[in-house]
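Chain by chain, the residues run as shown.
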Number of protein chains: 2
Amino acid sequence: MTPEQTRALDDRVLAIEQALSADDLAATSSLIADAPTHEVVAVIERLDARRRAVVYRLLPKQRALEVFEDLPASLQGDLVDALQDSEVAAVFADLDPDDRVRLLDELPASVAPRLLRGLPVDERTLTAAVLGYPQDSIGRRMSPEYVTLRPSVRVSDALARVRSRVRDAETVYTIPVIDDARTVVGVISLRDLLGGADDDTVGALMSEPHTATATDDAEDAARLCADLGVLALPVVDSEGRLVGILTIDDAVRILEQEESEDAARQGGAEPLRRPYLSTPILRIVRSRVVWLFVLAVGATLTVQVLSVFEDTLAQLTVLALFVPLLIGTGGNTGNQAATTVTRALALSEVRTRDVWRVLSREVRVGALLGLLLGVLGFAITGVVFDLPVGLVIGLTLLSICTVAASVGGVMPLLARAIRVDPAVFSNPFITTFVDATGLVIYFLIARAVLQI
Amino acid sequence: MTPEQTRALDDRVLAIEQALSADDLAATSSLIADAPTHEVVAVIERLDARRRAVVYRLLPKQRALEVFEDLPASLQGDLVDALQDSEVAAVFADLDPDDRVRLLDELPASVAPRLLRGLPVDERTLTAAVLGYPQDSIGRRMSPEYVTLRPSVRVSDALARVRSRVRDAETVYTIPVIDDARTVVGVISLRDLLGGADDDTVGALMSEPHTATATDDAEDAARLCADLGVLALPVVDSEGRLVGILTIDDAVRILEQEESEDAARQGGAEPLRRPYLSTPILRIVRSRVVWLFVLAVGATLTVQVLSVFEDTLAQLTVLALFVPLLIGTGGNTGNQAATTVTRALALSEVRTRDVWRVLSREVRVGALLGLLLGVLGFAITGVVFDLPVGLVIGLTLLSICTVAASVGGVMPLLARAIRVDPAVFSNPFITTFVDATGLVIYFLIARAVLQI
């Protein structure tokens, strides 16, 4: 969007919000009626639960369904709580099977069976198929509605078949080619089909299939789809038989959600899983408080380390002045390394067994950074205070940077190796660890150099 | 990919790397010949510049082109340096115009005109059109090769036209509909075209167009494409005339690159813009050293603050023990808020003019977190040390958490308002700021409570 378009959107959103604040339902209703679906979604994502239900009820039926489909599953769940049973049943029947399953995950367990019973038989079967796969697997996020072709079919017949199925399938742009056992033997893009001669067979035009297995982690499958740059990825069961299809727009949504989770965890918080402005304050507190406690408890280690060196501190108060600078620099160096390696892991540029390569790189990077900062620190502190103190600061910076970069670089790989999200051993975690280690290094160097 | 597939890929990559280390070119060559393109790309992304060129030269011509296309532009640039002019000219002519422009951006200015002169005339024109837009604009990343339709065309004729153009266009799945002035009046998906009756007109089936303007920021346009869930977005000039098309796979690539840049900046480093393992050590040092210096200089503020309170410290060394814990907790609280708000900004859930709403939320979140931690800190410190010190720690935690969450939440919005990447006012930056502020708060409270 151009800045003007953004401003125009902002103005419309603002107008709707003002009408709502003034409880002017007539104005709200007419403003909403004129706005495109994605703007209504943007407005709803900024409201609290009560107003969200108000806006939703003002929408005409068909628009309401469109808006509902585009909301995050967490907000869909909130809305369902506020709607009547008959309204819920209508919305539920209209969703795609994969979206339906995501909504079910958000609802209390008692509600799900009732909703499922209300579905037409064929829709219920499709939904049950998706529901059968483990949480966080791509089986849960794939669409069970697809078109298939056989290798022996001629292009003209294939196009006719695609045209007849165009309304039911989630996508017709990438078509899995299967044999009699439903094993995926190839994929053909609609584009290749259109580019072929009428008498060519599908088998002659199709290409080698990339597939995901239904029990694969959803993020891995979505990343594969994005990396291959394909519009859809067939999903197969453990015997290679087709069970669904993952489209690129669903893959983008999965990746976006994963990025949000990674970002939250790197900041030392649990993911909110709903838009910021529509999240109640207490839920935000809850998403942060556990990690904050854990880190604060971890930080009591620094109190203990300093207690050990309390005599040294009392003798030479000047040492206390540099504590925040030294551990801060260590934390920053560790964060830089951790962030780089975590991202490289997410993009599959680095794997767990590269741990020695990463360590050897980060030791060198950390030592070089420490050397540069150490020389500067020595010079400045040597002039402002005195040379021995300068030497302590310089040597400490060199050591802390080397240790911090190594720890920060290796930690995400260790996390992955023990199957924990690398972002959980996150920047705040590394900072806390480096703080305690850095203090020990600092006081040991100070004692050695200053002979106290 | 399943864990087994990942391991299999790892094993093949490892085998190729071992053959390379042993300088066994015959083995390398046959291993590469059997590997699919995306595995060769994965291998090349892990090698240093010399070996990269070796592997590339071992590829048969057609495979080499496929691999080249899938490499990040930075590695393409490195490779071009290592290849002969005639090889470069062949590769260059084969790229899509948008990929060509990205490669040109990586090359020395003297090389670009020579390469452009070597192109066939029509390709040169297309490339020049893309080159004409500002860096980081979507005009640079769009494809100028598209199919268009007129509203009056019948479905059967439209399908025939699409079929005839299927080989040249970047995509045929989303087709812009234009009038005589080339203004975009609608878009029609190939799916809607296939679902229509032969006698329907394009105008009757097309839907309202969402478009991006060529001078828009590439990230904004890519985000719009992903948010709308469309497979392609028409790109128009300032008068609304069609100039190109952005496909979802290019949008995904743009967003992925932006996420990497955001991640790096939030970790307080400049983006590497190339895969981690193939980046030379000195380049990694360069990406980190500037921010590390800036932050270290900022941290000298903490030295100054502590100097001011040096007498208080000398009187009561016990106060020094809590410095890392208190400023660490402040930093963590600030990071949590900053990360949440930065992500919400990236997803357009929050806008700059929401600054008061964000501030009021973060003050409350910070105060609640501070209350919880403060009570705990008061109790523990009161027991382990004494009650007055416990009171100082408790009150300081309450104040620091409130200030840190507010600063952390508002900082990204201020950055956006002055048109700086919110990730630049990043977690390390906030930590440094909160460190200094936190120390002042701590010593003022200590002086007041302990009467020193």
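Residues numbered from 1 in each chain as written. Chains lettered and ligands numbered in written order. Predicted model: local features only at pLDDT ≥ 70, side-chain atom pairs only at ≥ 80, totals over all residues. Heavy atoms only, no water.

1. Quick look at the overall build of chain A
And then number 1: A tally of regular secondary structure across chain A gives 22 helices and five strands.
And then number 2: Taken against the 2.2 N^0.38 rule, which gives 22 Å for 452 residues, the C-alpha radius of gyration of chain A at 29 Å runs more than 25% over that of a compact globule.
And then number 3: Each principal axis of the C-alpha atoms in chain A carries an extent, and together these give about 90 × 60 × 45 Å.
And then number 4: Relative to its 452 residues, chain A shows a buried fraction of 57%.
And then number 5: Here the analysis covers contacts within chain A between residues at least 6 apart in sequence; of these, 66% occur between residues at least 24 apart.
And then number 6: Only carbon and sulfur atoms are counted for the fraction: they give 57% of the accessible area of chain A, which is about 17,900 Å².
And then number 7: Distance from the positive charge centre (42 side chains) to the negative charge centre (60 side chains) of chain A: 2 Å. (Helix = DSSP H or I, 4+ residues; strand = E, 2+ residues; numbered from the N terminus. Rg over C-alpha atoms; globule rule 2.2 N^0.38 Å. Buried < 20%, exposed > 50% of the residue type's maximum accessible area, 1.4 Å probe, protein only. Contact = heavy atoms within 4.5 Å. Areas by Shrake-Rupley, 256 points an atom, 1.4 Å probe, with all protein chains shown as cover. Lys, Arg positive; Asp, Glu negative; His and termini not counted. Charge placed at Lys NZ, Arg CZ, Asp CG, Glu CD.)

2. Observations regarding the sheet that holds strand S3 (residues 212-213) of chain B
Residues and elements named next belong to chain B.
And then number 1: Read across the sheet, three strands follow the order S3-S4-S5 without closing on themselves; strand pairing throughout is mixed. Looking at strand neighbours, the two that pair on one side only are S3 and strand S5 (242-247), the edges of this open sheet.
And then number 2: In this sheet, strand S4 (residues 232-236) lies alongside S3 in parallel orientation, the contact comprising two bridges. From the neighbouring strand, Thr213 faces S4, where its bridge partner is Val236. (Pairing = 2+ DSSP bridges.)

3. Here we look at the relation of the copies chain B and chain A
Here the two chain copies are tied together by a rotation about an axis and a shift along that axis.
And then number 1: Of the two same-sequence chains, chain B is brought onto chain A (RMSD 0.1 Å, axial shift 0.0 Å) by a rotation of 180°. The two molecules are tied by a two-fold rotation axis, judged by turn and shift.
And then number 2: A share of 99% of interface residues in chain B that are also interface residues in chain A marks the association as one of identical surfaces. (Least-squares fit on C-alpha atoms with pLDDT ≥ 70 in both.)

4. What to know about the interface of chain B and chain A
And then number 1: Taken residue by residue, the interface counts 120 residues in chain B and 119 residues in chain A.
And then number 2: Interface area for chain B against chain A, summed over the two sides, is near 10,700 Å², with a carbon-plus-sulfur share of 61%.
And then number 3: At the junction of chain B and chain A, the tally comes to nine salt bridges.
And then number 4: The element best represented in the side of chain B that touches chain A is helix H17 (residues 281-308) of chain B, accounting for 17 residues.
And then number 5: Split into classes, the residues belonging to the side of chain B that touches chain A amount to 66 nonpolar, 27 polar and 27 charged. (Buried area = accessible area lost by both parts, 1.4 Å probe. Salt bridge = Lys/Arg side-chain N within 4 Å of Asp/Glu carboxyl O. Nonpolar A, V, L, I, M, F, W, Y, C, P; charged D, E, K, R; others polar.)

5. Description of the sheet that holds strand S3 (residues 212-213) of chain A
Residues and elements named next belong to chain A.
And then number 1: Across the sheet, which stays open at both edges, the three strands sit in the order S3-S4-S5 with mixed pairing between neighbours. Edge strands, defined here as strands with exactly one partner in the open sheet, are S3 and strand S5 (242-247).
And then number 2: The strands that helix H14 (residues 218-228) touches are S3, strand S4 (232-236) and S5; relative to S4, the one it contacts most, it runs at about 140°. (Axes fitted to C-alpha atoms, helices over the stretch in contact; angles between N-to-C directions.)

6. Some thoughts on the packing of helix H8 (residues 97-106) of chain B against helix H10 (residues 121-131) of chain B
All names here are of chain B.
And then number 1: At a closest axis distance of 9 Å, the pairing of H8 and H10 adopts a crossing angle of 60°. As the angle between them shows, H8 and H10 are arranged oblique. Every pair of crossing elements has a handedness; the one defined by H8 and H10 is right-handed. On the side of H8, the interface is formed by Pro97, Asp98, Arg100, Val101 and Leu104, while H10 contributes Glu123, Leu126, Thr127, Val130 and Leu131. (Parallel < 35°, antiparallel > 145°, perpendicular 65-115°, else oblique. Left-handed = near helix turned anticlockwise from the far one by under 90°.)

7. Observations concerning the UniProt feature "transmembrane region" (unreviewed entry) in chain A
And then number 1: As annotated by UniProt and renumbered to match this structure, "transmembrane region" (unreviewed entry) occupies residues 289-307, 313-333, 365-385, 391-415 and 427-450 of chain A.
And then number 2: When the span residues 289-307 of chain A is considered, its composition is 100% helix and 0% strand, and the gap between its end C-alpha atoms is 27 Å. (UniProt positions renumbered as here; feature names shortened; annotations may be inferred.)

8. Thoughts on the environment of B:Phe322
And then number 1: If you trace the backbone, B:Phe322 turns up in the loop between helix H19 (318-321) and helix H20 (323-346).
And then number 2: Using a relative accessible area of 4% as the deciding quantity, one classes B:Phe322 as buried.
And then number 3: Taking the C-alpha atoms as reference points, B:Phe322 and B:Ala423, 101 residues apart in sequence, are found 30 Å from one another.
And then number 4: Contacts of B:Phe322, omitting those with residues within four sequence positions, involve A:Val303, B:Thr381, B:Phe385, B:Val389, B:Ile393 and B:Tyr442.

9. Looking at a negative patch on the surface
All names here are of chain A.
And then number 1: Together, Glu66, Glu69, Asp70, Asp94 and Asp96 make up a region of like negative charge exposed at the surface.
And then number 2: Looking at the negative patch, the element that brings in the most residues is helix H5 (residues 61-70), giving three residues.
And then number 3: With respect to the element layout, Asp94 can be found in helix H7 (residues 85-94).
And then number 4: Looking at Asp94, the relative accessible area reads 36%, which means it is partly exposed. (Patch = residues over 30% accessible without salt bridge, like charges linked within 9 Å, V, L, I, M, F, W, Y side chains within 5 Å.)

10. Description of the pairing of S4(A)
Residues and elements named next belong to chain A.
And then number 1: Counting buried residues in S4 gives five out of five residues, a clear majority hidden from the surface.
And then number 2: Across the two faces of S4 the burial is the same, with Ala232, Pro234 and Val236 and Leu233 and Val235 all buried.
And then number 3: The antiparallel hairpin formed by S4 and S5 contains five residues in its connecting segment, where Gly240 sits at a positive phi of about 85°.

11. Brief notes about the domain arrangement of chain A
And then number 1: Segmenting chain A into domains produces domain 1 (3-134), domain 2 (155-266) and domain 3 (280-450).
And then number 2: Distance between the C-alpha centres of domain 1 of chain A and domain 3 of chain A: 46 Å. (Domains from an automatic or database assignment.)

12. Some thoughts on the UniProt feature "domain: CBS" (unreviewed entry) in chain A
Residue and element names in this part refer to chain A.
And then number 1: As recorded in UniProt, the feature "domain: CBS" (unreviewed entry) lies at residues 142-203 and 205-261.
And then number 2: Structurally, residues 142-203 is divided into 31% helix and 18% strand, and its ends, taken at the C-alpha atoms, are 25 Å apart.
And then number 3: Annotated as 46% helix and 23% strand, the span residues 205-261 places its first and last C-alpha atoms 40 Å apart.

13. So, the pattern of salt bridges
And then number 1: Enumeration over the complete set of coordinates arrives at 35 salt bridges over all chains.
And then number 2: A single salt-bridge network, built from bridges that share partners, covers A:Glu17, A:Arg46, B:Asp354 and B:Arg357.

14. So, the environment of B:Glu208
Residue and element names in this part refer to chain B.
And then number 1: Within the secondary structure layout, Glu208 lies in the loop between helix H14 (202-205) and S3.
And then number 2: Assessed through its relative accessible area of 68%, Glu208 is described here as exposed.
And then number 3: Along the backbone, Glu208 and Val185 are 23 residues apart, and their C-alpha atoms lie at a distance of 7.4 Å.

15. Some words on unusual backbone geometry
And then number 1: In this structure, A:Asp136 is a non-glycine residue whose phi angle is positive, near 70°.
And then number 2: Relative to the helices and strands, A:Asp136 resides in the loop between helix H10 (121-131) and helix H11 (155-165).
And then number 3: One non-glycine residue with positive phi stands out, namely B:Arg273, at about 60°.
And then number 4: Looking at the secondary structure, you find B:Arg273 in the loop between helix H16 (248-266) and H17.

16. Structural notes on a nonpolar patch on the surface
And then number 1: Where nonpolar side chains cluster on the molecular surface, the patch consists of A:Leu376, A:Ile380, A:Val383, A:Val384 and A:Phe385 and spans about 470 Å² of accessible area.
And then number 2: With respect to the element layout, A:Ile380 can be found in helix H20 (residues 355-384).

17. A few points about the side chain of A:Thr247
And then number 1: Within the secondary structure, A:Thr247 is located in strand S5.
And then number 2: Each residue touching A:Thr247, except ones within four places of it in the same chain, is listed here: A:Glu170, A:Thr171, A:Leu231 and A:Ala232.

18. Quick word on the pairing of S4(B)
And then number 1: As judged from the five bridges shared by S4(B) and S5(B), these two strands associate in the antiparallel manner. In the strand pairing of S5(B), B:Leu233 is matched with B:Leu246.

19. Details of the nonpolar core
And then number 1: Within the largest apolar cluster, 94 residues are counted, with the highest numbers of intra-cluster contacts made by A:Tyr276, A:Phe322, A:Tyr442, B:Tyr276, B:Phe322 and B:Tyr442.
And then number 2: Not counting the four nearest positions on each side in its chain, A:Tyr442 is found in contact with A:Leu319, A:Phe322, A:Val323, A:Leu326, A:Val392, A:Ile393 and A:Thr396.
And then number 3: Listed in part, the 77 residues of the second largest apolar core include A:Tyr133, A:Ile138, A:Leu190 and B:Leu149. (Core = buried A, V, L, I, M, F, W, Y, C linked by side-chain atoms within 4.5 Å.)

20. Quick notes on the packing of aromatic side chains
And then number 1: Summed over all chains, the structure comprises nine aromatic pairs over all chains.
And then number 2: With 4.9 Å between their ring centres and 10° between their planes, A:Phe309 and A:Phe443 make a pair best called stacked. Taken as a pair, A:Phe309 in the loop between helix H16 (281-308) and helix H17 (310-315) and A:Phe443 in helix H22 (residues 427-450) lie far apart in primary sequence, 134 residues in all. Across the pair, A:Phe443 and A:Phe309 agree in class, each one buried.
And then number 3: With centroids separated by 5.1 Å and ring planes inclined at 50°, the aromatic side chains of B:Tyr442 and B:Phe443 adopt a geometry described as tilted. (Phe/Tyr/Trp six-rings, centres within 6.5 Å; stacked < 30°, edge-to-face > 60°.)

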